[in-house]
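A closer look at the structure
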Amino acid sequence: MRYVKIGALALTLILSATVGFLIVSDRLGQPAPPDPASLIAKAKQYRVRIERDTFGVPHVIGPRDADVAFGIGFAHSEDDFNTIQQVALGIRG
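Note that the structure is predicted; figures quoted are calculated from it, not measured.

Right, let's talk about the packing of aromatic side chains for a bit. The full count for this structure, using the stated rule, is two aromatic pairs. With a centroid separation of 4.5 Å and 10 degrees between ring planes, the pair formed by Tyr46 and Phe70 is classed as stacked. On the criterion of sequence distance, the pair formed by Tyr46 in the loop between α2 (36-43) and β1 (49-52) and Phe70 in helix α3 (residues 65-92) is long-range, its members being 24 residues apart. Measuring from centroid to centroid gives 6.3 Å for Phe70 and Phe74, while their planes differ by 35 degrees, and the two rings are tilted. Of the two residues, Phe70 and Phe74 are both situated in helix α3; the distance of four residues between them amounts to about one turn of the helix. Overall, the relative accessible area of 40% leaves Phe74 in the partly exposed class. Pairwise contacts between aromatic rings join Tyr46, Phe70 and Phe74 into one cluster.

Below, the structure is given as structure tokens:
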């Protein structure tokens, strides 16, 4: 009976250590969060105007294709950010 208790305790400790290691190793592999100031500086290089009509449909206006593409992405993230996050998580595994 005593060996069964010692074995159960040893198994519990091994499982706890394994779970702890997996959690910590997963956190170590993640990139650092981006600097908001650098993201804002990058966004300022685009000249885009997003106007929404009475139905809330975005109309994106910009002088270059890159500006319009940024505006479409921005409008999409305003409308459905949760789906974008779910797709990104699914792609990354």
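With that out of the way, let us pick up the pattern of salt bridges. One pass over the full model with this rule turns up four salt bridges. Between Arg52 and Asp79 there is a salt bridge, and its shortest N-O distance comes to 2.9 Å. With Arg52 in strand β1 and Asp79 in helix α3, this pair connects stretches of sequence that are 27 residues apart. A residue is classified by how much of its surface remains accessible, and Asp79, at 48% relative accessible area, is partly exposed. Here Asp67 makes a salt bridge to Arg64, at a shortest N to O gap of 2.8 Å.

Calculation notes
- Note that residues are indexed from 1 along each chain, following the sequence as it is written.
- For this predicted model, a pLDDT threshold of at least 70 governs which residues receive local features, and a threshold of 80 or more governs which side-chain atom pairs are given and counted, while totals over whole chains, interfaces and linings are taken from all residues.
- Only hydrogens and water are removed before side-chain values are computed, so all heavy atoms of the structure are retained for them.
- Each aromatic pair joins two rings of Phe, Tyr and Trp (for Trp, the six-membered one) with centres within 6.5 Å, and gets the label stacked for planes under 30 degrees apart, edge-to-face for over 60, and tilted for any other angle.
- Where helices and strands are cited, they refer to DSSP runs of H or I of at least four residues and of E of at least two residues respectively, numbered from the N terminus.
- For the exposure calls, accessible area comes from a 1.4 Å probe over protein chains only, and a residue counts as buried if that area is under 20% of its type's maximum, exposed if over 50%, partly exposed in between.
- The working definition used for a salt bridge is a side-chain nitrogen of Lys or Arg within 4 Å of a carboxyl oxygen of Asp or Glu.

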